[in-house]
Amino acid sequence: MDEFEQVQSEQKHGYPGWWDRIIPLLDDDSRDALERALHNRQISHQTISTVLKRWGHDVSYQQVGHFRRRYVE
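Here's what I pulled together on the structure shown here.

## Digging into the packing of aromatic side chains
Part 1: Here the structure, examined in full by the defined rule, presents 5 aromatic pairs.
Part 2: Taking 5.1 Å as the distance between ring centres and 45° as the angle between the ring planes, the aromatic pair formed by tryptophan 19 and phenylalanine 67 counts as tilted. Note that tryptophan 19 is positioned in helix H2 (residues 18–22) and phenylalanine 67 in helix H5 (residues 61–71), a separation of 48 residues in sequence. Of the two residues, tryptophan 19 and phenylalanine 67, both sit in the buried class.
Part 3: With a centroid separation of 5.2 Å and 40° between ring planes, the pair formed by phenylalanine 67 and tyrosine 71 is classed as tilted. Within this pair, phenylalanine 67 and its partner tyrosine 71 are both found in helix H5, separated by 4 residues, close to a single helical turn.
Part 4: These aromatic residues form a ring-pair network of at least three members: Trp18, Trp19, Phe67 and Tyr71.

Now the structure itself:
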């Protein structure tokens, strides 16, 4: 087994993304606001990250961008 396969086999699988941990904790109004922001491309990843931090959730703009690219149409 090469080094890449070995390291991959040692990785934890099934680690939940921020969306799996945080979105269920939000109240309905906050969840709706976040969903609208995620779908609005005029609102930057950084802006969403800043608001989530104000709400007490440490989510980087890179994590927001990953979520948008992967799950938001």
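Picking up where we left off.
## Observations regarding the nonpolar core
Part 1: Within the largest apolar cluster, 13 residues are counted, with the highest numbers of intra-cluster contacts made by Trp18, Leu34, Leu38, Ile48 and Leu52.
Part 2: For this core, the secondary structure elements donating two or more residues are H2, helix H3 (28–39), helix H4 (45–54) and H5.

## Side note on the environment of glycine 65
Part 1: Its place among the elements puts glycine 65 in helix H5.
Part 2: When its relative accessible area of 1% is taken as the criterion, glycine 65 is described as buried.
Part 3: Once the C-alpha coordinates of glycine 65 and isoleucine 48 are considered, the two residues, 17 residues apart in sequence, prove to be 9.6 Å apart.

Reading the values: the criteria
- Residues numbered from 1 in each chain as written.
- Predicted model: local features only at pLDDT ≥ 70, side-chain atom pairs only at ≥ 80, totals over all residues.
- Heavy atoms only, no water.
- Phe/Tyr/Trp six-rings, centres within 6.5 Å; stacked < 30°, edge-to-face > 60°.
- Helix = DSSP H or I, 4+ residues; strand = E, 2+ residues; numbered from the N terminus.
- Buried < 20%, exposed > 50% of the residue type's maximum accessible area, 1.4 Å probe, protein only.
- Core = buried A, V, L, I, M, F, W, Y, C linked by side-chain atoms within 4.5 Å.

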